Amino acid sequence: MPNSAQVTAAEISRLAGVTRATVSNWRRRHPDFPSPVGGTEASPAYDLTAVREWLAARGQLPESSPADELATALRSTPADALRLLPLVLATAALDRAEVAELTNLSDDQLAKQAQKLARGVAGDLPSAGEVGYRAAEAELLRALLICVRDEGAVKAADILAQGEPDEVSASGAYETPPQLAALIADLLGAADDSYPGSVFDPACGAGNLLLAAAERGAQELYGQDMVPTQAAQAAVRLGVLAPTAKRQVAPGDSIREDAFPALLAEAALCTPPYGDRDWGHEELAYDPRWIYGLPPRSEPELAWIQHCLAHLTPGGTAVLLLPPATAERNSGRRIRAELIRRGAVRAVMALPPGVAAPLHIGLHLWLLQRPHEAATPPRHLLFVDASGVQPERATYRGSRRPALDWPAIQEMVTGAWRRYSSDPDGFESAPGTARAVPLLELLDESVDLTPVRHTRVIPAAAQPDEEAKRVEDLRDRLKRANTQVVTIAGATATTSAGDAPRQWRSATVADLLRGGALTLLRSRPLRGSLGQAAAEPGEEIAGEAVLTARDVATRRTASGVADETYSGEEVRIETGDIILSETLHNKSGAARVATENDAGKLLGRTLFLLRPDPARLDPWFLAGFLSADENVNAASVGTSIVRVDARRLRVPLLPLAEQQRYGRAFRELYALRSAADEAQRLAEEAATALATGLTSGALLPPESTD
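Residues numbered from 1 in each chain as written. Predicted model: local features only at pLDDT ≥ 70, side-chain atom pairs only at ≥ 80, totals over all residues. Heavy atoms only, no water.

Caption draft 1: Fine view of the overall build of the protein chain. A count of helical and extended segments in the protein chain gives 23 helices and 24 strands. Counting contacts in the protein chain only where the partners sit at least 6 residues apart, residues at least 24 apart contribute 74% of the total. Of the roughly 35100 Å² of accessible surface on the protein chain, a fraction of 50% belongs to carbon and sulfur atoms. (Helix = DSSP H or I, 4+ residues; strand = E, 2+ residues; numbered from the N terminus. Contact = heavy atoms within 4.5 Å. Areas by Shrake-Rupley, 256 points an atom, 1.4 Å probe, with all protein chains shown as cover.)

Caption draft 2: Broad picture of the side chain of Asp225. Mapped onto the fold, Asp225 is located in strand S5 (residues 220–225). One buried charged side chain, Asp225, makes no salt bridge at all; its nearest oppositely charged neighbour is Arg237, positioned 11 Å away. Of the polar contacts made by the side chain of Asp225, one reaches the backbone nitrogen of Gly205; its length is 2.8 Å. Contact partners of Asp225, with chain neighbours within four places excluded, come to Ala203, Cys204, Gly205, Gln230, Ala231, Ala250, Pro251 and Gly252. (Buried < 20%, exposed > 50% of the residue type's maximum accessible area, 1.4 Å probe, protein only. Lys, Arg positive; Asp, Glu negative; His and termini not counted. Salt bridge = Lys/Arg side-chain N within 4 Å of Asp/Glu carboxyl O. Polar contact = N/O pair within 3.5 Å; in protein donor to acceptor, adjacent residues only side chain to side chain.)

Caption draft 3: Up close: helix H21 (residues 619–626). Of all 8 residues making up H21, 8 are buried, and the element is well covered by its neighbours. N-capping of H21 is provided by Asp618, with a side-chain oxygen placed 3.1 Å from the backbone N of Trp620.

Caption draft 4: Expanded view of the sheet that holds strand S15 (residues 518–521). An order of S15-S21-S18-S19 is seen for the 4 strands of this open sheet, with the pairing classed as antiparallel. Only two strands of the sheet have a single neighbouring strand rather than two, namely S15 and strand S19 (591–593). Neighbouring strand axes in the sheet, compared pairwise and without regard to direction, differ in orientation by 25° on average. Two elements, strand S18 (residues 578–581) and S19, share 3 bridges in a ladder whose sense is antiparallel. From the neighbouring strand, Ile579 faces S19, where its bridge partner is Arg592. (Pairing = 2+ DSSP bridges. Axes fitted to C-alpha atoms, helices over the stretch in contact; angles between N-to-C directions.)

Caption draft 5: Spotlight on the environment of Leu682. Its place among the elements puts Leu682 in helix H23 (residues 656–696). In this structure Leu682 comes out as buried when scored by relative accessible area, which is 3%. Each C-alpha atom of the pair Leu682 and Leu478 lies 5.6 Å from the other, and the pair is 204 residues apart in sequence. Those residues in contact with Leu682, other than ones at most four positions away along the chain, are Leu474, Arg477, Leu478 and Ala481.

Caption draft 6: View of the packing of aromatic side chains. Considering all chains together, one arrives at 15 aromatic pairs under this definition. When the centroid spacing of 5.9 Å and the interplanar angle of 90° are considered together, the rings of Trp504 and Tyr662 count as edge-to-face. Separated by 158 residues along the polypeptide, Trp504 in the loop between helix H18 (464–491) and strand S14 (506–508) and Tyr662 in helix H23 bring together distant segments of the chain. Through successive ring pairs, a cluster of aromatic residues spans Trp504, Phe621, Phe625, Tyr662 and Phe666. Between the NZ or CZ atom of Arg522 and the centre of the ring of Phe608, over which it lies, the distance is 4.3 Å. (Phe/Tyr/Trp six-rings, centres within 6.5 Å; stacked < 30°, edge-to-face > 60°. Lys NZ or Arg CZ within 6 Å of the ring centre and 35° of its normal.)

Caption draft 7: How the structure looks around the pattern of salt bridges. Per the counting criterion, the structure on display carries 35 salt bridges. A salt bridge links Arg83 to Glu137, with the shortest nitrogen-to-oxygen separation between them at 2.6 Å. Pair noted here: Arg83 is in helix H5 (residues 81–92) and Glu137 is in the loop between helix H7 (107–121) and helix H8 (138–151), with a separation of 54 residues, a long-range link. Accessibility expressed as a relative area gives 3% for Glu137, which makes it buried. As a salt-bridge pair, Arg379 and Asp425 come within 3.1 Å of each other at their nearest N and O atoms.

Caption draft 8: Representation of the pairing of strand S3 (residues 44–47) within the structure. Here strand S1 (residues 6–8) pairs with S3 via 3 bridges, running antiparallel. In the sheet register, Val7 faces S3, and the bridge partner there is Tyr46. Bridge count between strand S2 (residues 38–39) and S3: 2 bridges; the pairing is antiparallel. If you follow Gly39 over to S3, its bridge partner there is Pro44.

Caption draft 9: Structural detail: the sheet that holds S2. A sheet is described by the order of its strands in space; here 3 strands give the open sequence S1-S3-S2, paired in antiparallel fashion. Edge strands, defined here as strands with exactly one partner in the open sheet, are S1 and S2.

Caption draft 10: Representation of the environment of Asp47. Examined against the element boundaries, Asp47 turns out to sit in strand S3. As for Asp47 and Thr8, which are separated by 39 residues in sequence, their C-alpha atoms are 9.1 Å apart. Here Thr49 takes part through its backbone nitrogen, which lies 3.2 Å from a polar atom of the side chain of Asp47.

Caption draft 11: Examining the confidence of the model for the protein chain more closely. Per-residue pLDDT for the protein chain averages 85, and the proportion of residues at 70 or more is 89%. Summarising per-element confidence for the protein chain, the mean pLDDT is lowest in strand S12 (residues 395–396) (45) and highest in strand S4 (residues 198–201) (98). Note that residues 394–400 has pLDDT below 50 and, in this model, 20 contacts with residues that lie over four places away or in other chains. Predicted confidence is poor over residues 564–568, with pLDDT under 50, and the contacts of this stretch with residues over four places away or in other chains come to 26 contacts. (pLDDT = per-residue confidence, 0-100.)

Caption draft 12: Quick look at helix H15 (residues 406–422). Between the first and last C-alpha of H15 there are 24 Å, a value that for 17 residues agrees with the 24 Å anticipated at 1.5 Å per step. Among the residues of H15, those classed as buried are Trp406, Ile409, Val413, Thr414, Gly415, Ala416, Trp417 and Tyr420. Of the surrounding secondary structure, the elements contacted by the buried residues of H15 are helix H10 (178–186), strand S9 (345–350), strand S10 (364–369), strand S11 (380–385) and strand S13 (434–438). (Expected span 1.5 Å × (residues − 1).)

Next comes the structure, spelled out in structure tokens:
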């Protein structure tokens with residue numbers, strides 16, 4: 001019987017659907033938590049079987065899916081994905097009943113039948129080699145077949161490919177997200193809806209770009225990837241999802257070991273690995289592909305550009321996703337200039353950060369075309385700057401990263417390209433977004449092709465009178481906002497408490513909860529905490545507004561958006577609720593009283609909601625004292641991330657009439673802060689408008705009074 005696999009704390013957290021901090025708490029608080037059986041002191045490993053039994057005994061082990069069972073089987077019986085992927089492709093063609101019959105075979109019969117099926121398609125997969133299975137692997141084979149039957153061959157192939165972490169070490173290689181793959185593939189479409197028949201991807205990874213091209217009509221798909229498992233994974237996915245297309249996928253380094261030296265495709269799509277300086281500069285110095293110049297060692301992206309162009313028919317189009325440095329690094333300026341002179345670069349498009357890894361960088365799309373020898377080069381190069389597309393309202397799943405506005409990105413990028421490609425000479429620029437720049441303007445000392453440099457040009461049509469009126473309007477609004485601040489500040493009149501500060505008895509929030517004066521609510525995750533069963537599925541709330549911790553700290557309306565079906569334990573805010581953030585923002589706490597504008601919104605996951613009994617507690621009185629710095633500091637724990645224990649916060653015990661007196665004062669202070677926020681925003685906007693008007697020449701400074 002094979003030994004049980006070992007798992008780390010991070011893998012346990014994924015298995016149980018909890019955070020790593022929760023796993024650490026289990027280890028400290030529960031003496032019966034399984035002891036480490038391997039690993040290191042800093043990263044211990046645990047027996048998978050023992051962990052699963054411990055979680056199951058406490059109701060914390062989620063119901064396993066076939067994909068989960070396959071992943072678990074791979075840990076218990078490690079196997080080379082290249083041996084198993086042919087079986088995935090073979091069983092993808094079987095119906096559910098035929099797969100079920102296979103799983104019911106004896107171990108020996110299952111191994112023999114699986115081997116027979118896999119060998120029948122092994123020739124369709126790169127690097128499959130000699131395929132053979134043993135009876136000792138029967139449980140793994142059954143888990144694989146069940147995953148194919150219930151969740152599909154693509155899911156099974158993806159699980160197998162994930163099981164090869166040592167292979168996915170190619171420097172700078174990242175998977176292309178489906179939405180980005182769709183955007184890149186759309187750029188190949190012509191105005192008459194025709195689509196290239198043959199498409200090549202020399203760094204295909206799992207095949208997302210080729211699949212996107214197949215969905216749009218490509219019938220010949222060619223791919224290569226330096227990671228053999230990914231090449232085989234791509235072949236399986238193409239075989240399942242694009243069965244009618246001609247498909248060829250090969251392993252290997254496409255730059256050094258081109259598997260398709262004679263291929264001339266109608267189009268190429270590629271997201272090459274970034275920053276790989278060991279791309280073959282020395283041994284490929286005299287390679288015939290470098291017709292635009294030998295790429296420097298530090299410019300591998302320029303090698304990939306020329307590699308793609310070399311595999312295109314004349315007039316063929318290539319779209320590559322590249323780091324922004326490719327457009328402006330000094331070492332690549334000569335090749336960029338040659339690409340421009342010959343008309344090979346047709347467009348450079350800047351995307352916002354987050355479209356693909358590395359997520360903090362705004363990547364560029366380069367659209368290139370292999371020139372016809374006798375054709376006249378184009379006179380313009382299109383630049384599109386979509387880097388400023390604002391995210392949609394933050395998609396709330398406990399993640400701080402807002403969701404990208406893909407429809408806006410798609411429209412800005414593909415819309416500009418289609419307008420330009422249909423009439424390059426008549427293209428109308430969109431200031432700040434898209435501009436067709438004459439090639440001669442680009443051939444300066446730097447040959448900088450960064451879109452923002454060429455699109456954010458102040459249009460000549462910027463009228464001084466209009467600018468002056470806009471600035472004057474902003475000044476008027478700022479004056480009114482400042483007047484409101486002064487008015488509210490003057491209305492908040494207070495008097496001295498006498499010779500000494502007022503003293504009062506107080507109670508903790510925990511005391512008020514026990515006495516029924518308050519109710520504490522929080523939104524729950526899909527799975528309960530330890531020992532708590534998962535809730536039944538709740539109502540569909542996708543798209544509804546969610547109040548976030550940042551909204552509370554900045555006194556703004558709900559900016560989050562729910563994008564999932566919650567567990568049925570979501571909290572809807574009511575007028576008069578007090579909302580507190582679990583973590584401190586700018587070293588201070590914030591409490592907010594819900595108004596009619598907040599009513600009906602969903603409570604964010606890092607917020608507390610206190611619902612007072614209105615006959616006993618005034619909400620504004622509560623919010624004011626719960627926000628006090630000394631109160632929050634006394635109830636906080638942690639160092640780098642400071643969390644507030646809401647139950648430890650203290651509230652004075654005062655009659656309701658006196659609470660309401662304090663409440664009115666705190667409400668006026670909240671209005672003062674909100675008015676000050678608006679005044680500050682208008683001051684920044686007015687100052688920016690003034691500076692822009694002066695530097696653009698639309699406005700003149702005041703005349704000297706000397």
